[in-house]
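Here's the letter readout for the chains.
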Amino acid sequence: MINLEDVFVTSGVPTYTFVKPQKFEEIKVSVRSPGRCLVIEGPSGIGKSTTIAKVLEELNQSHSVTHLSARKPEDHEYIHALPEMGNIGTVIVDDFHRLPEEIKSRLSDFIKILADSGDEHSKLILIGINHAGGQLVRFTHDLGLRLDIFKLESNPVEILEKVVELGQDVLNIAIPQRNDIAELAQGSFQLVQILCHKLCVLDGITEKQTAKHIVKTSINTALEDVITNLSRQFKDPTVTFARGSKLRPEGRAPYLHILKWLSESEDWSLDLNEAMVAYPEMKPSISQVIEKGHLDALINDNEKSDILKKYFYFERSTNILSAKDSKLVFYLKNLIWRVFTRQVGFRFDFFKSKYDFALSFAGQDRHLAEKLYQELTIREISVFYDQNEQHRIVAENLEDYLAPIYRKEASYIVVFQSPEYPQRIWTKFESDNFKERFGQNQVIPIRFSTTQAGYFSEDSQYGGLNFDPTQDTDKQILYIASTLAEKLKDDRLVLDLIEAVKDE
């Protein structure tokens with residue numbers, strides 16, 4: 001019997017679903033070239049260790065390799081002694097970017113000697129995060145042509161789709177959303193495995209099927225589950241990073257902005273020199289945390305470093321911040337930044353939403369939603385109202401299209417809490433996606449006087465607006481629209497106040 005965990009592997013080297021990355025053959029040639037040492041760089045989860053393991057397997061060299069890790073202090077002495085040990089065979093040093101500078105310098109000289117002599121009996125394979133290879137070249141200026149550096153970047157969607165295809169063939173299932181999975185994985189083999197594993201579990205697939213099974217669970221449902229699981233690992237370090245050495249609610253939030261920019265990077269690293277050019281308004285505060293050593297201290301020498309250095313690496317000589325784990329960036333990309341900003345401790349939301357409001361209502365109340373939509377748009381307020389978005393929704397998977405809007409793309413959710421609301425499938429779907437926003441001042445209920453007590457007990461403690469269907473509808477909708485507009489006006493006043501404090 002073939003089990004799910006044997007096919008879609010959430011950790012370790014996959015057997016059934018291994019797909020060669022683009023540079024696989026180049027790496028294989030480098031590994032078998034006498035005297036040629038190489039660096040494999042990229043974030044955790046991109047496939048570095050798996051690629052090397054498969055290359056050595058193809059070359060029938062897996063049995064004769066020594067594995068060392070910079071994470072293990074007891075290995076440092078061994079790594080330091082490598083240049084004097086003669087024929088060392090093939091040695092893999094994982095996380096070598098964590099080594100002390102003196103050992104990195106020794107390895108750099110050693111690599112040059114091996115390359116010049118064409119040594120057939122010694123080879124170093126160094127595995128590290130993005131830009132790790134540049135650290136070695138920095139120590140020995142003419143090392144570049146003597147060392148192969150392979151950057152395992154974001155894998156193309158078509159390669160990631162092959163992982164899904166291999167897995168579904170082995171399990172005798174069909175995953176209609178394989179392209180969506182590949183897109184969501186953002187280049188990471190590991191994230192494809194995790195998303196497929198979760199999708200299968202939610203669909204009741206735990207082993208190979210005797211009859212062809214078509215997966216019906218929405219990828220968005222799986223995504224929400226994965227993000228919930230990742231939050232247990234990453235919420236604490238990301239909040240800690242965003243607060244910096246000391247939370248200053250009145251400040252420009254440089255660490256929060258750095259984290260947001262990192263989430264938008266394509267290669268899981270951020271060049272802060274380039275970021276300051278791209279965001280000149282943030283340059284004074286960003287340059288201060290760099291030049292005064294605050295960012296470096298936060299990750300490496302601060303009392304918070306035990307939390308942060310597992311996930312972040314800052315190379316001060318280049319001002320490049322790297323995420324060590326692709327799952328971390330995946331988590332950051334899927335954060336509701338408006339919610340996260342409040343969790344960190346900042347009152348104002350620095351990152352604008354796609355919509356000011358999204359309307360959630362039962363079909364019977366569409367006439368009310370339509371009236372409110374018209375009143376808000378007259379005021380030049382951005383509103384998500386499904387009837388007005390049909391040209392974008394057509395041919396889309398509705399769950400996958402709507403979920404992000406209610407989860408994070410609208411600043412506020414306006415809920416028409418009529419008696420029909422809790423009885424409809426789509427309103428349940430919408431509320432499932434915004435329920436975590438209660439308590440963040442981002443869900444505004446419109447409470448109908450005809451709704452029985454207890455229908456919405458989970459949000460009864462939060463402020464809302466009232467609506468009486470027996471009274472003048474137009475007058476009440478006008479009042480609700482005016483109140484919502486005032487809410488946005490207050491937000492902007494807070495922003496103006498913060499900007500004024502910054503300028504002083």
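What you are looking at is a predicted structure, and each value in this text was computed from that prediction instead of being measured.

Observations regarding the sheet that holds strand β13 (residues 410–417)
Inference 1: Ordered by their spatial adjacency, five strands build an open sheet running β12-β11-β13-β14-β15, and the pairing between neighbours is parallel. Unpaired on one side and paired on the other, β12 (383–384) and β15 (465–467) mark the two borders of the sheet.
Inference 2: Where strand β14 (residues 443–448) meets β15, three bridges bridge the pair, whose relative direction is parallel. Note on β15: the bridge partner recorded for Ile446 is Leu465.

Re the pairing of strand β4 (residues 122–128)
Inference 1: Taking burial as the measure, the seven residues of β4 include seven buried ones, the bulk of the element.
Inference 2: Alignment of strand β1 (residues 37–41) against β4, held across four bridges, turns out to be parallel. Looking at β4, one finds that Glu41 is bridged to Gly128.
Inference 3: Viewed along the sheet, the connection from strand β3 (residues 89–94) through helix α5 (residues 101–117) into β4 turns out right-handed.

Quick word on the sheet that holds strand β2 (residues 65–69)
One key point about sheets: their strands pair by backbone hydrogen bonds, in either a parallel or an antiparallel sense.
Inference 1: Taken in spatial order, the five strands line up as β2-β3-β4-β1-β5 in an open sheet, and their pairing is parallel. Looking along the sheet, the strands with just one partner apiece sit at the ends: β2 and β5 (147–151). Averaged over all neighbouring strand pairs, the angle between strand axes comes to 15 degrees, with direction disregarded.
Inference 2: Looking at chain direction, β3 and β4 are connected through six bridges and run parallel. The residue of β4 that forms the bridge with Val91 is Leu124.
Inference 3: Against the sheet, helix α3 (residues 48–58) engages β1, β2, β3 and β4, with an angle of about 155 degrees to β4.
Inference 4: Across the face of the sheet, α5 comes into contact with β1, β4 and β5 while running at roughly 140 degrees to β4.

Re α3
Inference 1: Those residues of α3 lying buried are Lys48, Thr50, Thr51, Ile52, Lys54, Val55 and Leu56.
Inference 2: Of the surrounding secondary structure, the elements contacted by the buried residues of α3 are α2 (24–32), β1, β2, β3 and β4.
Inference 3: Just past α3, the residue Asn60 takes up positive phi, approximately 60 degrees.

Quick word on unusual backbone geometry
Inference 1: The phi torsion at Asn172 lies on the positive side, around 60 degrees, for a residue other than glycine.
Inference 2: Mapped onto the elements of the fold, Asn172 is located in the loop between α7 (157–171) and β6 (173–174).
Inference 3: Residue classification places Asn172 among the buried positions, given a relative accessible area of 19%.

Here's the deal with the pattern of salt bridges
Inference 1: For the structure shown, the criterion picks out 16 salt bridges.
Inference 2: Here Glu25 ties to Lys28 by a salt bridge, and the two come within 3.3 Å at their closest N and O atoms. You can see Glu25 and its partner Lys28 sitting in helix α2, three residues apart, about one turn around the helix.
Inference 3: Judged by relative accessible area, which is 15%, Lys28 ranks as buried.
Inference 4: Put simply, Lys428 and Asp432 hold a salt bridge, and the shortest N to O gap is 2.9 Å. Residue Lys428 and its partner Asp432 are both found in helix α21 (residues 425–434); the two are separated by four residues, about one turn of the helix.
Inference 5: Exposure remark for Asp432: the relative accessible area of 35% places this residue in the partly exposed category.
Inference 6: Residues joined by salt bridges that share partners form a network here, namely Lys20, Glu25, Lys28 and Glu58.

Observations regarding the environment of Arg248
Inference 1: When you line up the elements, Arg248 lands in the loop between α10 (219–243) and α11 (254–264).
Inference 2: Relative accessible area serves as the criterion here: at 46%, Arg248 is assigned to the partly exposed category.
Inference 3: For the pair Arg248 and Gly345, spaced 97 residues apart in sequence, the C-alpha to C-alpha distance is 8.4 Å.

Things to note about the pairing of β1
Inference 1: Counting buried positions along β1 yields five of five residues, so the element is predominantly enclosed.
Inference 2: Every second residue of β1 is oriented toward a common face, with Cys37, Val39 and Glu41 on one face and Leu38 and Ile40 on the other, all of them buried.
Inference 3: The pairing of β1 with β5 spans five bridges and is parallel. Note that in β5 the partner of Val39 across the bridge is Ile149.

What to know about the packing of aromatic side chains
Inference 1: Per the stated rule, a full pass over the model turns up 16 aromatic pairs.
Inference 2: Chaining the aromatic ring pairs together yields one cluster made of Tyr355, Phe384, Tyr406 and Phe434.
Inference 3: Across from the ring centre of Phe18, 5.2 Å away, lies the NZ or CZ of Lys54, which sits over that ring.
Inference 4: For Lys260, the ring lying beneath its charged end belongs to Trp337, and the centroid distance is 5.6 Å.

Quick word on the confidence of the model for the protein
Residues shown with low pLDDT carry predicted positions that ought not to be read at fine detail.
Inference 1: Residues of the protein with pLDDT of at least 70 account for 89%, and the chain-wide mean is 85.
Inference 2: Note on residues 500–504: pLDDT is under 50 here. Beyond four places in sequence and across chains, it has five contacts.

Some thoughts on the environment of Glu409
Inference 1: Counting through the fold element by element, Glu409 comes out in helix α20 (residues 398–409).
Inference 2: Note: C-alpha distance between Glu409 and Tyr355 (54 residues apart in sequence) is 6.3 Å.
Inference 3: With near-sequence residues (within four places) excluded, Glu409 lies in contact with Ser353, Lys354, Tyr355 and Pro404.

Observations regarding α11
Inference 1: Most of α11 is tucked away, with 10 of its 11 residues classed as buried.
Inference 2: Taken as a whole, α11 has its buried residues at Pro254, Tyr255, Leu256, His257, Ile258, Leu259, Lys260, Trp261, Leu262 and Ser263.

Structural notes on the nonpolar core
Inference 1: Phe241, Leu256, Ile258 and Phe312 are the most contacted members of the largest nonpolar core, which totals 88 residues.
Inference 2: Sorting elements by how many residues they give to this core places α10 first, with 10 residues.
Inference 3: Apart from residues lying up to four places away in sequence, Ile258 is in contact with Phe241, Leu270, Leu272, Ile286, Val289, Leu295 and Leu321.
Inference 4: Counting residues in hydrophobic clusters, the runner-up holds 24 residues, among them Tyr373, Val414, Ile444 and Leu488.

Quick notes on the rules
Residues numbered from 1 in each chain as written. Predicted model: local features only at pLDDT ≥ 70, side-chain atom pairs only at ≥ 80, totals over all residues. Heavy atoms only, no water. Pairing = 2+ DSSP bridges. Helix = DSSP H or I, 4+ residues; strand = E, 2+ residues; numbered from the N terminus. Buried < 20%, exposed > 50% of the residue type's maximum accessible area, 1.4 Å probe, protein only. Right-handed = clockwise from strand over helix to strand, strands pointing away. Axes fitted to C-alpha atoms, helices over the stretch in contact; angles between N-to-C directions. Contact = heavy atoms within 4.5 Å. Salt bridge = Lys/Arg side-chain N within 4 Å of Asp/Glu carboxyl O. Phe/Tyr/Trp six-rings, centres within 6.5 Å; stacked < 30°, edge-to-face > 60°. Lys NZ or Arg CZ within 6 Å of the ring centre and 35° of its normal. pLDDT = per-residue confidence, 0-100. Core = buried A, V, L, I, M, F, W, Y, C linked by side-chain atoms within 4.5 Å.

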